[in-house]
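One letter stands for each residue in the lines below.
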Amino acid sequence: MIQLNCYEAVNTTIEIGYQLLKSGAEIYRIEESMRRIFEAYGITQNEVFAIPSCIIVTLRLDGAEPVSQIKRVYSTTTNLEKVRRLNDLCRCICKDTPDFTQVQQQLDEIKSIPAYSYGVQIIAFA
C-alpha cells in the first residue's frame, strides 16, 4: 500500500511539475511547488531537480526503496492561465491534501485549457 501511494504521489506530482514547466513557470516555482506537495502528504524525504528540458524526482519512504522518475519536456509555451490554475491546485493540495484521484481530475481539466492560437500570439507580440 505504501509503495502504491508513493507511486501515485510521484506520478501525479511530476505531472503537475511537467505542466507548470510546459506552460512557462519559473524553475524555482516548479521545484518548490513539487516539494510542498510531497511534504503535504508526509513525504519529507524528497529530491526535486528541474531544468528547462527535464524534471527528476526521487522519493524515499521509511524502510522502502527509493522511487525515482524522470520526465523530459520537449517544448514549452507561455500560458499564464494554466500556470495560475496549476498554482491554485498546488495551494489546494497543500491545504486540504485531497485524494490523488481528485487531484488528477482537476489536473485533467487544467490540461484541457486551450492555448492561444498562433494568430493571437502574433497580435499579442506586436
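Heads up: the structure comes first, above all this text.
So, here is what we can say about the structure in this document. Since this is a predicted model, take the numbers as computed values, not measurements.

### A word on unusual backbone geometry
Here is step 1 of the chain: The phi dihedral of Thr97 falls on the positive side, at around 40°, and the residue is not glycine.
Here is step 2 of the chain: Structurally, Thr97 is set in the loop between α3 (80-96) and α4 (100-111).
Here is step 3 of the chain: By relative accessible area, Thr97 is classed as partly exposed at 35%.

### Points about the nonpolar core
Here is step 1 of the chain: Membership of the largest hydrophobic core comes to 33 residues, with the highest contact counts inside it found for Ile16, Ile30, Ile55 and Leu59.
Here is step 2 of the chain: Secondary-structure elements contributing two or more residues to this core are α1 (2-22), α2 (27-40), β1 (46-51), β2 (54-59), α3 and α4.
Here is step 3 of the chain: If you tally residues by element for this core, the top one is α1, at 8 residues.
Here is step 4 of the chain: Excluding anything up to four places from it in sequence, Ile30 contacts Gly17, Leu20, Leu21, Ala25, Ala50 and Ile55.

### Some details on the sheet that holds β1
Here is step 1 of the chain: An order of β1-β2-β3 is seen for the 3 strands of this open sheet, with the pairing classed as antiparallel. At either end of the open sheet lies a strand with only one pairing partner, and these are β1 and β3 (67-72). Shown here is a sheet whose adjacent strand axes are inclined to one another by a mean of 5°, direction ignored.
Here is step 2 of the chain: Here β2 pairs with β3 via 6 bridges, running antiparallel. Following the sheet pairing, Cys54 is matched in β3 by Arg72.
Here is step 3 of the chain: Contacting β1 and β2, α2 runs over the sheet at an angle of about 160° to β1.

### Regarding the packing of α2 against α3
Here is step 1 of the chain: In the contact formed by α2 and α3, the axes pass within 9 Å of each other and the chain directions differ by 25°. Here α2 lies roughly parallel to α3, going by the angle between them. Relative to α3, the crossing made by α2 is left-handed. Together, Arg29, Ser33, Arg36, Ile37 and Ala40 of α2 and Asn87, Cys90, Ile93 and Cys94 of α3 make up the contact between the two elements.
Here is step 2 of the chain: Here the residues of the contact of α2 with α3 are counted per class, giving 5 nonpolar, 2 polar and 2 charged.

### Some details on the packing of α3 against α4
Here is step 1 of the chain: The geometry of α3 relative to α4 is characterised by a closest axis approach of 10 Å and an angle of 170° between their N-to-C directions. Taken together, the axes of α3 and α4 lie roughly antiparallel to each other. On the side of α3, the interface is formed by Lys82, Arg85, Leu86, Leu89 and Ile93, while α4 contributes Val103, Gln106, Leu107, Glu109, Ile110 and Lys111.

### A word on α4
Here is step 1 of the chain: Relative to the 16 Å expected for 12 residues at 1.5 Å per residue, α4 spans 16 Å between its end C-alpha atoms, a close match to the ideal helical length.
Here is step 2 of the chain: For α4, every residue scored as buried is listed here: Phe100, Val103, Leu107 and Ile110. An end-on view of α4 places all buried positions within 75° of arc, on one side of the element.

Conventions we followed
Residues numbered from 1 in each chain as written. Predicted model: local features only at pLDDT ≥ 70, side-chain atom pairs only at ≥ 80, totals over all residues. Heavy atoms only, no water. Helix = DSSP H or I, 4+ residues; strand = E, 2+ residues; numbered from the N terminus. Buried < 20%, exposed > 50% of the residue type's maximum accessible area, 1.4 Å probe, protein only. Core = buried A, V, L, I, M, F, W, Y, C linked by side-chain atoms within 4.5 Å. Contact = heavy atoms within 4.5 Å. Pairing = 2+ DSSP bridges. Axes fitted to C-alpha atoms, helices over the stretch in contact; angles between N-to-C directions. Parallel < 35°, antiparallel > 145°, perpendicular 65-115°, else oblique. Left-handed = near helix turned anticlockwise from the far one by under 90°. Nonpolar A, V, L, I, M, F, W, Y, C, P; charged D, E, K, R; others polar. Expected span 1.5 Å × (residues − 1). Arc of directions from axis to C-beta.

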